[in-house]
Number of protein chains: 2
Amino acid sequence: MADLQETADPTAGPSKSELKKRAKALEKEKKAAEKAAKQQELAMQQASSEVDCATEFYGPLPLHQSQTRPGLPRVQISSLSARDGETVLFRARVQTSRAQGNKMVFLNLRQRADSVQALVTVTPEKVSKQMVKWTAGLADESIVLVQGIVKKSPELIKSASVGDVEVLISQLHLISGIEGRLPFTLDDASRPDTDEAVSEADGKAPQFSRVLLDTRLNNRVVDLRTQTNQAVFKLQSAIGDLFRQFLSNNGFIEIHSPKLQGAATESGASVFKVSYFKGNAFLAQSPQLAKQMAIAADFERVYEIGPVFRAEDSNTHRHLTEFMGLDLEMTIEEHYHEVMELLDGLFLSMFRGLKEKYQNEIEIVGKQFPADEFKWREGPEGTLKLTFRQAIDILVEDGVPRESLDDINTENEKRLGRLVKAKYDTDYFIIDKFPMELRPFYTMPDPEDPTLSNSYDFFMRGEEILSGAQRIHDPTLLAEKMRSKGVDPDSMKGYIDAFRMGCAPHGGGGIGLERVLMLFLKLNNIRRASMFPRDPKRLEP
Amino acid sequence: MADLQETADPTAGPSKSELKKRAKALEKEKKAAEKAAKQQELAMQQASSEVDCATEFYGPLPLHQSQTRPGLPRVQISSLSARDGETVLFRARVQTSRAQGNKMVFLNLRQRADSVQALVTVTPEKVSKQMVKWTAGLADESIVLVQGIVKKSPELIKSASVGDVEVLISQLHLISGIEGRLPFTLDDASRPDTDEAVSEADGKAPQFSRVLLDTRLNNRVVDLRTQTNQAVFKLQSAIGDLFRQFLSNNGFIEIHSPKLQGAATESGASVFKVSYFKGNAFLAQSPQLAKQMAIAADFERVYEIGPVFRAEDSNTHRHLTEFMGLDLEMTIEEHYHEVMELLDGLFLSMFRGLKEKYQNEIEIVGKQFPADEFKWREGPEGTLKLTFRQAIDILVEDGVPRESLDDINTENEKRLGRLVKAKYDTDYFIIDKFPMELRPFYTMPDPEDPTLSNSYDFFMRGEEILSGAQRIHDPTLLAEKMRSKGVDPDSMKGYIDAFRMGCAPHGGGGIGLERVLMLFLKLNNIRRASMFPRDPKRLEP
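Residues numbered from 1 in each chain as written. Chains lettered and ligands numbered in written order. Predicted model: local features only at pLDDT ≥ 70, side-chain atom pairs only at ≥ 80, totals over all residues. Heavy atoms only, no water.

An unreviewed UniProt entry lists chain A under the name Aspartate--tRNA ligase, cytoplasmic, from Mycena belliarum. Per UniProt, chain A carries the Sequence similarities (unreviewed entry) text "Belongs to the class-II aminoacyl-tRNA synthetase family. Type 2 subfamily." Here is the UniProt Subcellular location (unreviewed entry) comment for chain A, exactly as written: "Cytoplasm". (UniProt positions renumbered as here; feature names shortened; annotations may be inferred.)

Tallying secondary structure elements over chain A gives 16 helices and 17 strands in all. A burial count over chain A gives 59% of its 541 residues as buried. Long-range pairs, those at least 24 residues apart, make up 69% of the contacts in chain A with a sequence separation of at least 6. Carbon and sulfur atoms make up 50% of the accessible area of chain A, which totals about 21,800 Å². (Helix = DSSP H or I, 4+ residues; strand = E, 2+ residues; numbered from the N terminus. Buried < 20%, exposed > 50% of the residue type's maximum accessible area, 1.4 Å probe, protein only. Contact = heavy atoms within 4.5 Å. Areas by Shrake-Rupley, 256 points an atom, 1.4 Å probe, with all protein chains shown as cover.)

Further remarks concern the sheet that holds strand β7 (residues 253-254) of chain B. Residues and elements named next belong to chain B. In space, the 8 strands of this open sheet follow the order β7-β11-β12-β17-β16-β15-β14-β13, with mixed pairing throughout. The strands lining the two open edges of the sheet, one partner per strand, are β7 and β13 (384-387). Sheet topology places β7 next to strand β11 (residues 301-309); 2 bridges connect them, and they run parallel. Bridging from a neighbouring strand, Glu254 pairs with Tyr303 of β11. (Pairing = 2+ DSSP bridges.)

Moving on to the pairing of strand β14 (residues 428-432) of chain A. Consecutive side chains along a regular strand alternate between the two faces of the sheet. Residue and element names in this part refer to chain A. Among the 5 residues that make up β14, 5 are buried, leaving the element largely enclosed by the rest of the structure. Alternating positions in β14 separate into two faces, Tyr428, Ile430 and Asp432 on one and Phe429 and Ile431 on the other, with burial throughout. Here 4 bridges tie strand β13 (residues 384-387) to β14, and the two strands are oriented parallel to one another. Within β14, the position partnered with Lys385 by the bridge is Ile430. Relative to strand β15 (residues 455-460), β14 runs antiparallel, the two sharing 5 bridges.

Working definition: the strands of a sheet are paired by backbone hydrogen bonds and lie parallel or antiparallel to each other. Residue and element names in this part refer to chain A. Ordered by their spatial adjacency, 8 strands build an open sheet running β7-β11-β12-β17-β16-β15-β14-β13, and the pairing between neighbours is mixed. At either end of the open sheet lies a strand with only one pairing partner, and these are β7 (253-254) and β13. Helix α13 (residues 410-424) rests against β13, β14, β15 and β16 (463-471) of the sheet, and its axis sits at about 120° to β14. (Axes fitted to C-alpha atoms, helices over the stretch in contact; angles between N-to-C directions.)

By a simple turn and slide, chain A fits onto chain B: the slide is 0.0 Å along the axis, the RMSD is 0.0 Å, and the turn is 180°. Here the transformation between the copies is reduced to the relation of a two-fold axis. Of the C-alpha atoms belonging to chain A, the one lying closest to the rotation axis is found on Val274(A), 2.2 Å away. When you check the interface residues of chain A against chain B, 100% turn up at the interface there too, and the contact is symmetric in its surfaces. (Least-squares fit on C-alpha atoms with pLDDT ≥ 70 in both.)

On to the interface of chain A and chain B. The interface of chain A with chain B comprises 114 residues on the first partner and 114 residues on the second. For the pair chain A and chain B, the summed buried area comes to about 9,600 Å², and 56% of that belongs to carbon and sulfur atoms. Three residues, Arg69(A), Glu334(A) and Met501(A), lead the burial of chain A against chain B; their summed loss comes to 8% of the area buried on that side. Counting every contact that joins chain A to chain B gives 16 salt bridges. For the salt bridge of Asp298(B) with Arg93(A), the shortest nitrogen-to-oxygen distance reads 2.9 Å. One can count 58 residue pairs in polar contact (both at pLDDT 80 or more) joining chain A with chain B. Element by element, the count of residues in the side of chain A that touches chain B is highest for helix α8 (residues 227-249) of chain A, at 9 residues. Taken together, the residues that form the side of chain A that touches chain B break down as 53 nonpolar, 29 polar and 32 charged. (Buried area = accessible area lost by both parts, 1.4 Å probe. Salt bridge = Lys/Arg side-chain N within 4 Å of Asp/Glu carboxyl O. Polar contact = N/O pair within 3.5 Å; in protein donor to acceptor, adjacent residues only side chain to side chain. Nonpolar A, V, L, I, M, F, W, Y, C, P; charged D, E, K, R; others polar.)

Apart from glycine, the bulk of residues carry a negative phi angle, and the bulk of peptide bonds sit in the trans form. The amide bond that connects Glu540(A) to the next residue, Pro541(A), takes the cis arrangement and shows omega of -10°. Its location among the elements puts Pro541(A) in the segment after α16 (513-521). You will see that Arg461(A), though not glycine, has its phi angle at about 45°, which is positive. Located in the positive-phi region is Asn524(B), a residue other than glycine, with phi close to 75°. Of note, Asn524(B) is situated in the segment after α16 (513-521). With relative accessibility at 40%, the residue Asn524(B) sits in the partly exposed group.

Take a look at the structure:
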């Protein structure tokens, strides 16, 4: 099993024979390096003699920290390539350790998405046998404070993300150990998502123990430490930044609307009920009402990033009971396509930003979740925009019976995505002019054909990621549409009143942050795009 | 009453005598201007002849908009000073209208925090008597589409924020009218908060009908339209931006943690219960547990901006049941003061950013809520940092009995704020090293004196706006402290388990966004700093 791993897994450590060869070579190099580093080392030791941790060369640190503050600079693993010959100090996780006899231990040390190889080897007056033994006993995932000399490695170390150097450790202290057993190793949790397929394809038994999604989520804190997840959530943060940056540049301000509401709004069925002192409240299904009221209050262009709650008992790959909504609303001057085009500009700006600034993270995720690069149309032709009718025609042409296409279900959505990709070479497109009956009561009807509406959905890899529309700003028409959809206008008085006091024409849209992240990276399950996902069966951790 | 208003209120419109004088002067100027503007006007009319709205010079527009899209540029009122002589098109609210005989109507037109005076006056072949009559009938707060010529005004118009020009209207269309009566006028809602005090001081009856806070909040959409509130929420948005910008520059990423939790955590008493399918969930009182788990998951530095829910039945000026938490958590290298200093740097960066970039908005708010400018210490001495003991000593020195000072209550907090302001000339300071018994179970005790803790509060104008600390990262000590505070460790297994898998020393803090906004601007009630505030008695609008 171990041998199989060594050959098959690019993230596994070096083989035994490699280790022996490396050990000999290192012995030579070390002597030369020692001389050069001696002076630096001495200076460092003098400085660190004021630290509690340096009263010995190894062992546990006191719990509290926060006792002295020598201000010794600590470095990032990502910077080590440029520090050949330097004595450095840094905190890191022990991802794996492998003893080589009783005189040497190889460590793979990790910080966020970066890792480096380090070794502790018996050296007279510096590294004792006891220190090597103690090091060998460190549990995987322990957090240590490392002091050592950075050395160019003779060949690239594939098991580390910083592979051109390694660290010869002179002092090693334990900051935080492990209590009990790890639920799975980080190596196992980092294996590509295609393992099973690969092993099945070549007729061999699966080479790796895959970690199931549920096991990951039950032990999310450990799962989140993989390079992949470090990159996934850096990208999630980036999407939020890009969203805000574009909107801020386009005159929007950020608002925060209450999640506690007095009435079950929009559609009563899928709302969570909250005990609120002696009465009840309900969790907002979206900031829809609040952001429209902000428009009636003259804020002109507003956005909100906040949690959205859906009490839908569906356990699909793309539904959560709580997700992050990226919502915006803006006034219209002449035509609702102003909103649709701004939203298009927003998505293009996010896609470009991710590609330009986060290529490294995208590639890291791609190692575990292989995917064709996400494609969109640039240049004068612009984003593909279909009307609902055109989209239906494409599906009918492909053989879907027209009678089944009152709405486009999930299956047909994906089919449409594939057809569009084949024909237009894009993973991103817009469908405009949905039938009125498919949209919520606050959607503005088309001025010429009242069976249609001024509404649109946006798609990524054949799945809906934004739904939006022009909204009804006239209280009389709004009340009429509410009644026609079975909503009592009296139950939403505060909302309708906002329009009675005058409101500009407006429109907007809501984006699911986790869906954008999942579909851009092709993570295949929305739970992977949420740090601590919530679904009907999961409220922990 | 009207006359009193005119003399006393800088935001009121011009007096009747002023209007007459102005009307004569305008008649002359208009003729000269008409010639110059004629050509521009004609071009504009030709262009707009494609728009439905231009088939007449006045009247209501069709409801939907979104029918044609001529792409006529619309301008902002804030840009009008630089457009003398131009024919412009813009959408605005009618804040007030005053007819002058049956040939002229003065309008005060508003966009967000900007306003300008405009007038419709009978002009052969352009503005009919009927148009003037129709204009005079427009309800306050109607939304109109205005076409007109910008003209330098002979003297500064005090009732408008853009007072050096006015607009001679050639076309006027109604976009959205008012149904029913306004709950209060925008003029009334904009009066300074000191009215009563002023009128009491000089022995006269109050000059204005003040709009009570409850009336405002019941009709929040109208209330939010005041210049003051437009500025308040622009500043709220700015605080979020400044918070993120500083943290992003310091290596933090944004996370989103679930508000739905499986167990009532931290302190069970003040948690809202949610019906969750066949069981129950609870609303997060803070992202405390999640952000610490993000640290245990190696994200190193994280922040979150999200709603925080407190089921406390207190109706004070500074408590909401739902507010926006600006939370952060970071690893510690040597000492928890690293966190405290980063938080201090964050506040200084927010204060400086507000002062440098939003002076205009701060001044607008200051007109309605007069306040001494918020003060903090710059320069080498830095922010004032007191220990809890020193803070107590200051209060004792001022006459507060030491026996009553186990904790610092709200009253003594404010007293301390005044004493510190008098002695150190700052509205912003830090208290460090709170007694352990005043802090939650996850607070790290002081390494030398276990009755103290590695924790701090930050204050603005004598009120707490941040609470933070180093946290316990050791599962054994954490369980012990939980038991000592009456919390069953088994009830928070997912949380403790995170530390069993190894966690770096860390600390952080939580800031109340609305409190920072309220105290920086001295709004006196936190409800004014929340767009749609929630308290035990208010769930609407």
